[in-house]
Amino acid sequence: MLGNFTYCNPTKLYFGDESLSYLNTELPKYGKNVVLIYGGGSIKRNGIYDEVVRILKDNGKEVAEIAGVMPNPTLPKLYEGVAIARKHQADLLLAVGGGSVCDYAKAVSVSVNCKEDPWEKYYQRFEEPDCETLPVGCVLTMVGTGSEMNAGAVITNPETKQKIGHVFADEKIMPRFAILNPRYTLTLPHYQMVAGIYDIFNHICEQYFSGEDDNTSDYISEGLMRSLLHSSRIANKNPQDYEARSNIMWTATWALNTLVAKGKSTDWMVHMLGQAVGAYTNATHGMTLAAVSLPYYRYILPDGLPKFRRFAVNVWDVDPAGKTDEQVAREGLQAMEDWMKELGLVMNIADLGATEEMLEGLADATLVMDGGYKVLSRDEIVRIFKESMGQAVNPKA
Ligand code: NZQ
Ligand code: ZN
């Protein structure tokens, strides 16, 4: 392990099918004004809303609500929430939902006392808050992003067609507590479940496919990936399998709570490509990643060959006997493709609503990262998007 790092993760987790009762432990730590934040209504249909509101009342809280946080939360919605939180003089922001709701709560947290425009400050200049921030708690209902235990907050500006994530450096932006009840995820539609599973897998890949040193993080990542493959196959056949769903939930948290990034430069290029697609199409996050991943990984494979070979052997059990390193590495990606198809993931961006006319704009909207095995040029990005449309591209071009 050659990197230098600091590690601190202050989020307290409560896990299991009785975890919501720990809201009674957490709520007394904060003042009486709570802003309850949720999405488009799934928590009203499955009863989680009623349970949470009852506990808030039992604890004597004054509750205001920010409802209707959409998947891929937008900047206008952020402004709306900031106004509500200010008016209510919030002491705690309680997010009940998936990554969108948790991310949104963090964005409100850093914006409530911010004197400047939060988009300019946090999403254009990537500054850290220099004002007081509000504590955030999460009750997670959708598994994938890891937002429940990290300092990331992704916001979409529909006007400029930019979907931008800010991972705040200060760990106080991480949720103070997160309640993880796997049972809450059982009502997720299959499409969302598998999109979340791929999001988890890709988070691990983004961190794993970087660096060449012998790093404990890579061994942890391989274990997480193997667990995810195992549980995802069970959940895909029987989404009501509590054990599989709970393992997936726990894996998601560890996939992106800063642990496996330690000592790594990390790539994040699949997310940059996927987020550009998301900004243009508003497609489900995990599906945007699935649709661009294989064209990207196949393209950079020669630059990261030893790691792609190791991935094939250690994660996908490819037998290396009698094969070149490249053959082994490509077999690994083939096994990954087979698994992705087995889950029913969307495998090209055309199926998510991307069109030929968007390709140049998508390339413009893609931030280029330099921590992986290759720094892409704009032409290479266009080429990867073209391949992600499902078009054949001359491999020697
Ligand atoms: O809005 P409701 O009605 O609640 O429906 C949601 C939403 O339509 C539904 N859902 C959630 N829990 C449910 C449920 N439906 C039935 N039963 C339940 N228990 O699922 C849909 C998707 O929810 P959403 O929160 O959008 O999904 P996800 O958790 O994948 O979050 C996606 C957002 O997180 C960002 C993404 O870019 C995207 O904006 N990310 C955040 C990251 C972070 N904080 O580190 C990293 C990720 O890479 C990602 O970029
Ligand atoms: Zn993601």
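Preceding this section is the structure that the text describes.
In what follows, the accompanying structure is described. On a predicted model such as this, the values are computed, not experimentally measured, just so you know.

**Some details on the overall build of the protein chain**
If you tally the helices and strands in the protein chain, you get 15 helices and eight strands. Relative to the compact-globule value of 21 Å for 397 residues, the protein chain shows a C-alpha radius of gyration of 21 Å, a close match. Principal axes of the C-alpha set define a box for the protein chain whose edges measure 70 × 40 × 40 Å. Here the protein chain holds 397 residues, and 57% of them are scored as buried. For the protein chain, the share of sequence-separated contacts (at least 6 apart) that also reach a separation of at least 24 residues comes to 79%. For the protein chain, the accessible surface area stands at approximately 16,000 Å², while carbon and sulfur atoms represent 50% of it. With 38 positive and 50 negative side-chain charges, the protein chain shows a spacing of 3 Å between the two charge centroids.

**Some remarks on the site of ligand 1**
Taken together, 31 residues lie near ligand 1, and Gly40, Ser42, Gly99, Ser100 and Asp103 sit nearest. Note that an oxygen atom of ligand 1 is positioned 2.7 Å from one of the backbone N or O atoms of glycine 99. Backbone polar atom of tyrosine 184 to a nitrogen atom of ligand 1: 2.9 Å apart, as the coordinates give it. Taking 960 Å² as the accessible area of ligand 1 by itself, protein coverage stands at 89%. Looking at the shell around ligand 1, the elements with two or more residues in it are helix H5 (99-111), strand S6 (152-157), helix H7 (190-208) and helix H10 (269-281). Among the residues making up the shell around ligand 1, the classes are represented as eight nonpolar, 20 polar and three charged.

**So, the packing of aromatic side chains**
Under the counting rule described, the total for this entry stands at 21 aromatic pairs. Measuring from centroid to centroid gives 5.9 Å for tryptophan 316 and tryptophan 339, while their planes differ by 55°, and the two rings are tilted. In this pair, tryptophan 316 is assigned in helix H12 (residues 305-316) and tryptophan 339 in helix H13 (residues 325-343), connecting sequence segments 23 residues apart. Taken together, Tyr198, Phe201, Tyr208, Phe209, Tyr296, Tyr297, Phe308, Phe311, Trp316 and Trp339 form an aromatic cluster joined through their ring pairs. Residue placement shows lysine 307 over the ring face of tyrosine 208; its charged tip is 4.5 Å from the ring centre. The aromatic ring of tyrosine 219 is capped on one face by arginine 310, whose charged end is 4.6 Å from the ring centroid.

**Overview of the coordination of the zinc ion (ligand 2)**
Only Asp199 (OD), His203 (NE2), His271 (NE2) and His285 (NE2) from the protein reach the zinc ion (ligand 2) as donors, at distances of 2.0 to 2.1 Å. Judged by relative accessible area, histidine 285 falls into the buried class, the value being 18%.

**Considering the pairing of S6**
Burial analysis of S6 places five of its six residues in the buried class, the great majority of the element. Here six bridges tie S6 to strand S7 (residues 162-167), and the two strands are oriented antiparallel to one another. For alanine 153, the partnering residue across the bridge sits in S7 and is histidine 166. Here S6 folds back onto S7 in antiparallel fashion, the turn holding four residues, of which lysine 161 has a positive phi close to 55°.

**Quick notes on a nonpolar patch on the surface**
Together, Met1, Phe5 and Tyr7 make up an exposed nonpolar region whose accessible area comes to about 290 Å². Its location among the elements puts methionine 1 in the segment before strand S1 (12-15). A relative accessible area of 42% places methionine 1 in the partly exposed class.

**What about the nonpolar core?**
Counting 107 residues, the largest nonpolar core has Phe201, Tyr297, Phe311, Met336, Ile349 and Phe385 as its most contacted members. A per-element tally of this core places H7 first, with ten residues. With sequence-adjacent residues up to four places away left out, phenylalanine 311 is seen in contact with Phe201, Cys205, Tyr208, Phe209, Met225, Trp316, Leu333 and Met336. Ranked by size, the runner-up nonpolar core spans 22 residues in total, among them Leu36, Val52, Phe177 and Tyr184.

**Some details on the environment of methionine 287**
Residue placement: methionine 287 occurs in helix H11 (residues 285-300). According to the relative accessible area criterion, methionine 287 is buried, its value standing at 0%. As for methionine 287 and aspartate 351, which are separated by 64 residues in sequence, their C-alpha atoms are 9.8 Å apart. Here methionine 287 is in contact with Tyr191, Val194, Ala195, Gly344, Leu345, Val346 and Leu352, once residues within four sequence places are set aside.

**Overview of the packing of H7 against H13**
Between H7 and H13, whose axes approach to 10 Å, the crossing angle comes to 160°. Overall, the two elements H7 and H13 adopt an arrangement that is roughly antiparallel. Here the hand of the crossing between H7 and H13 comes out right-handed. Mapping the contact onto sequence places His190, Val194, Ile197, Tyr198 and Phe201 in H7 and Met336, Trp339, Met340 and Leu343 in H13. Residue composition of the contact of H7 with H13, grouped by class: eight nonpolar, one polar and no charged.

**Description of H11**
The α-helix winds at 3.6 residues per turn, so residues separated by three or four positions along the chain end up facing the same way. Its 16 residues give H11 an end-to-end C-alpha distance of 22 Å, which sits within 8% of 22 Å, the value for a rise of 1.5 Å per residue. Residue serine 293 marks the point of greatest curvature in H11, where the axis turns by about 40°; the proline proline 295 follows within four residues. The buried fraction of H11 amounts to 14 of the 16 residues, a majority that puts the element mostly inside the structure.

Basis of the calculations
- Residues numbered from 1 in each chain as written.
- Chains lettered and ligands numbered in written order.
- Predicted model: local features only at pLDDT ≥ 70, side-chain atom pairs only at ≥ 80, totals over all residues.
- Heavy atoms only, no water.
- Helix = DSSP H or I, 4+ residues; strand = E, 2+ residues; numbered from the N terminus.
- Rg over C-alpha atoms; globule rule 2.2 N^0.38 Å.
- Buried < 20%, exposed > 50% of the residue type's maximum accessible area, 1.4 Å probe, protein only.
- Contact = heavy atoms within 4.5 Å.
- Areas by Shrake-Rupley, 256 points an atom, 1.4 Å probe, with all protein chains shown as cover.
- Lys, Arg positive; Asp, Glu negative; His and termini not counted.
- Charge placed at Lys NZ, Arg CZ, Asp CG, Glu CD.
- Near = heavy atom within 4 Å.
- Polar contact = N/O pair within 3.5 Å; in protein donor to acceptor, adjacent residues only side chain to side chain.
- Nonpolar A, V, L, I, M, F, W, Y, C, P; charged D, E, K, R; others polar.
- Phe/Tyr/Trp six-rings, centres within 6.5 Å; stacked < 30°, edge-to-face > 60°.
- Lys NZ or Arg CZ within 6 Å of the ring centre and 35° of its normal.
- Donors = N, O, S within 2.8 Å, 3.2 Å for Na, K, Ca; no water.
- Pairing = 2+ DSSP bridges.
- Patch = residues over 30% accessible without salt bridge, like charges linked within 9 Å, V, L, I, M, F, W, Y side chains within 5 Å.
- Salt bridge = Lys/Arg side-chain N within 4 Å of Asp/Glu carboxyl O.
- Core = buried A, V, L, I, M, F, W, Y, C linked by side-chain atoms within 4.5 Å.
- Axes fitted to C-alpha atoms, helices over the stretch in contact; angles between N-to-C directions.
- Parallel < 35°, antiparallel > 145°, perpendicular 65-115°, else oblique.
- Left-handed = near helix turned anticlockwise from the far one by under 90°.
- Expected span 1.5 Å × (residues − 1).
- Bend = angle between axes of the 7 residues up to and from the residue.

Function cannot be inferred from these measures alone, as they are strictly geometric.
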